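Residue strings, one per chain:
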Amino acid sequence: MLAGVEQKLDILAAAAKYDAACASSGSTRRAGRHGLGAAAPRGICHSWSDDGRCISLLKILFTNRCIYDCAYCANRRSNNIPRASFTVSEVVDLTMAFYLRNYIEGLFLSSGVERSPDYTMEQLIAVCRRLREERQFHGYIHVKAIPGASPELIRQAGLYADRVSVNIELPTEESLRLLAPQKSRENVLTPMRLIAESIAANRDERRRFKSVPRYAPAGQSTQLIVSASPESDHQILRLAASLYSHCRLKRVYYSAYVPVNDDTRLPAPPGPDLLREHRLYQADWLVRVYGFACHELVDERTPYLERTLDPKCAWALRHPELFPIEITRADYETLLRVPGIGIRSAKRILAARRVAPLRLEDLANLGVVMKRAQYFVTCQGKYALPASLRPDAIRAALEASDPARVTQLDLFGEL
Ligand code: SF4
């Protein structure tokens, strides 16, 4: 590897770590003398494919020479930091070299805005096109769409990449105006809508002609920075719910604001609010997978998720009239509402009920987390605990055993 490229890799892999769209972003875990592997050597990060496989990706920026000046960003124009830009050939060669050595299964390519959104988008597309057409690369590619780039370029990105994402960054237009004045809600939402339309059109076309290549088969995602601006969990989750339904996003990634700049427009927390980020992911999961409506978890009157309890337990405690659930009769959707019962255990309960009468002592073997579920279910009319247990005692017990509070969240501990 040429020294120049190696240096660029150091700068541009480090510069990409604040993008949360890959699960191990920011992790610096290493194996030490007795272990094996490392979480993020030189820009290797991990993501999950649609079929649940963990895949390792080379995660880099194409350039950190950015003409924008977003208040929260380490790469903003006004920061005095080492700058670098790859060439298209360098990224293609690096990806192929890493792939052939089995270091990675794909590429996560983001970028600052160099010269103009169109110029930057052209570079990113050129990398993807050359990988696919000249080097016959069939690995996973996740590419960022640059807000403000022309619609034709945005459309092209999905022809080569598995996933295309546009970072919405901040939940409201006012916050964008204050903290990222060169961006606007419209130049973020327009590419999102374009990508959604292209995915839908491609799906229709493929129904008629099987040979049509798939367009962005892993869909699109976005990232929201949390706690850099004053929006409530309610505003954030309502926005996410609307992006899921209107732009058919696969994922919204929540990224706790990491204070990297001294800027009076920004709050000055002691560190990233990882507990809030975690609660938002839990609530997002309930909306996306468990069929909860956003307003069941947060609303105008209660705009923040509880910090001390996961959102499903908090919802269940707010609705004592719905519990206990009789486990031998409840339907699938009702089972999913019980804290401690997930998709897999709900399905197992239904299957087990078909072959034999269910007993309380069977539930743990079916994957039910009894530590939580015991307060909310009966089985053949029997409680696992005394029915006289007071609500405040249940809350205290659930809070004490909440995994997010018990384990210290330290994802960005070394930043
Ligand atoms: S556009 Fe904003 S967030 Fe993106 S690299 Fe430039 S300054 Fe950072």
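Only a predicted model underlies this, so the values are computations on that prediction, with no experimental measurement involved. (Residues numbered from 1 in each chain as written. Predicted model: local features only at pLDDT ≥ 70, side-chain atom pairs only at ≥ 80, totals over all residues. Heavy atoms only, no water.)

## Quick look at the overall build of the protein
Argument step 1. Counting secondary structure elements, the protein contains 15 helices and ten strands.
Argument step 2. Of all 415 residues assigned to the protein, the portion counted as buried reaches 52%.
Argument step 3. When the accessible area of the protein is evaluated, it comes to approximately 20100 Å², of which 52% is carbon and sulfur surface. (Helix = DSSP H or I, 4+ residues; strand = E, 2+ residues; numbered from the N terminus. Buried < 20%, exposed > 50% of the residue type's maximum accessible area, 1.4 Å probe, protein only. Areas by Shrake-Rupley, 256 points an atom, 1.4 Å probe, with all protein chains shown as cover.)

## Comments concerning the confidence of the model for the protein
For any part of a model where pLDDT is low, the fine detail of the predicted coordinates should not be relied upon.
Argument step 1. Scored by pLDDT, the protein comes out at a mean of 88, with 88% of its residues at no less than 70.
Argument step 2. Across the protein, the element-wise mean pLDDT spans from 66 in strand 1 (residues 44–48) up to 97 in helix 3 (residues 117–134).
Argument step 3. Here residues 22–31 is a poorly scored stretch, pLDDT under 50, and it has 31 contacts once near neighbours within four places are set aside; other chains count.
Argument step 4. For residues 36–41, every residue scores under 50 in pLDDT, and the model assigns this stretch 14 contacts once sequence neighbours within four places are set aside. (pLDDT = per-residue confidence, 0-100. Contact = heavy atoms within 4.5 Å.)

## Structural notes on the sheet that holds strand 10 (residues 382–383)
Argument step 1. Strand order in the open sheet made by the three strands is 8-9-10, with mixed pairing throughout. Sheet topology places strand 8 (325–326) and strand 10 at the edges, where each strand pairs with a single neighbour. (Pairing = 2+ DSSP bridges.)

## Things to note about the site of the ligand
Argument step 1. Taken together, C66, Y68, C70, C73, R76, G112 and K183 are the residues near the ligand.
Argument step 2. For the shell around the ligand, the class distribution of residues is four nonpolar, one polar and two charged. (Near = heavy atom within 4 Å. Nonpolar A, V, L, I, M, F, W, Y, C, P; charged D, E, K, R; others polar.)

## Considering the packing of helix 2 (residues 88–100) against helix 3
Argument step 1. The geometry of helix 2 relative to helix 3 is characterised by a closest axis approach of 9 Å and an angle of 45° between their N-to-C directions. Here helix 3 runs oblique to helix 2, going by the angle between their axes. Taken as a pair, helix 2 and helix 3 cross one another with a handedness that is right-handed. From helix 2, V88, S89, V91, V92, T95 and M96 reach across to helix 3, where they touch Q123, A126, V127, R130 and L131.
Argument step 2. Partitioned by chemical class, the residues of the contact of helix 2 with helix 3 number seven nonpolar, three polar and one charged. (Axes fitted to C-alpha atoms, helices over the stretch in contact; angles between N-to-C directions. Parallel < 35°, antiparallel > 145°, perpendicular 65-115°, else oblique. Left-handed = near helix turned anticlockwise from the far one by under 90°.)

## Some remarks on the pattern of salt bridges
Argument step 1. Evaluated as defined, the whole model comprises 21 salt bridges.
Argument step 2. Between D392 and R390 there is a salt bridge; the shortest N-O distance is 3.4 Å.
Argument step 3. The exposed category is assigned to R390, whose relative accessible area is 54%.
Argument step 4. Through salt bridges with shared partners, a single network forms among R76, D263 and R265. (Salt bridge = Lys/Arg side-chain N within 4 Å of Asp/Glu carboxyl O.)

## Remarks on the environment of I146
Argument step 1. Structurally, I146 is set in the loop between strand 4 (140–144) and helix 4 (151–160).
Argument step 2. With relative accessibility at 3%, the residue I146 sits in the buried group.
Argument step 3. Apart from residues no more than four positions distant in its own chain, I146 is found in contact with S111, V113, P117, T120, M121, L124 and I154.

## Some words on the side chain of R132
Argument step 1. Residue position: R132 is located in helix 3.
Argument step 2. In this view, R132 contacts F137, H138, G139, I141, Y160, A161 and D162; residues no more than four positions away in its chain are not counted.

## Considering the pairing of strand 6 (residues 220–226)
Argument step 1. Along strand 6, seven of the seven residues are buried, which leaves the element largely enclosed by surrounding structure.
Argument step 2. The alternating pattern of strand 6 places Q220, T222, L224 and V226 on one face and S221, Q223 and I225 on the opposite face, and all of these are buried.
Argument step 3. As defined by bridge partners, strand 5 (residues 163–165) adjoins strand 6 across two bridges and the pair is classed as parallel. Note on strand 6: the bridge partner recorded for S165 is S221.

## Notes on the packing of aromatic side chains
Argument step 1. Summed over the entire model, instances satisfying the criterion amount to seven aromatic pairs.
Argument step 2. Summarising the aromatic geometry, the rings of F292 and W315 are spaced 5.2 Å apart at their centres and angled 90° between planes, so their arrangement reads as edge-to-face. Here F292 is found in the loop between helix 8 (274–288) and helix 9 (294–297), whereas its partner W315 is found in helix 10 (residues 311–318), with 23 residues between them in sequence.
Argument step 3. Note on W315: relative accessible area 3%, which makes it buried. (Phe/Tyr/Trp six-rings, centres within 6.5 Å; stacked < 30°, edge-to-face > 60°.)

## What to know about helix 14 (residues 391–400)
Argument step 1. Looking only at helix 14, the buried set comprises I394, L398 and E399. The arc that holds the buried residues of helix 14, viewed along the axis, is 130°, so those residues lie on one side. (Arc of directions from axis to C-beta.)

## Here we look at unusual backbone geometry
Argument step 1. Residue P324 follows F323 across a cis peptide bond; omega there is 0°.
Argument step 2. Inspection of the secondary structure assignment puts P324 in the loop between helix 10 and strand 8.
Argument step 3. A positive phi is found at E169, a non-glycine position, where the angle reads about 65°.
Argument step 4. Examined against the element boundaries, E169 turns out to sit in the loop between strand 5 and helix 5 (173–179).
Argument step 5. Phi at S227 takes a positive value of approximately 80°, unusual for a residue other than glycine.
Argument step 6. Checked against the element boundaries, S227 lands in the loop between strand 6 and helix 7 (233–246).

## Observations concerning the pairing of strand 7 (residues 251–256)
Argument step 1. Across the six residues that make up strand 7, a large majority, five, are buried.
Argument step 2. Both strand 6 and strand 7 contribute to a ladder of six bridges, which runs parallel. Its bridge partner lying in strand 7, V226 is registered against A256.
Argument step 3. Note on the crossover from strand 6 through helix 7 to strand 7: the handedness is right-handed. (Right-handed = clockwise from strand over helix to strand, strands pointing away.)

## Topic: the environment of N102
Argument step 1. Structurally, N102 can be placed in the loop between helix 2 and strand 3 (106–110).
Argument step 2. Residues N102 and S56, 46 residues apart in the sequence, show an inter-C-alpha distance of 9.6 Å.

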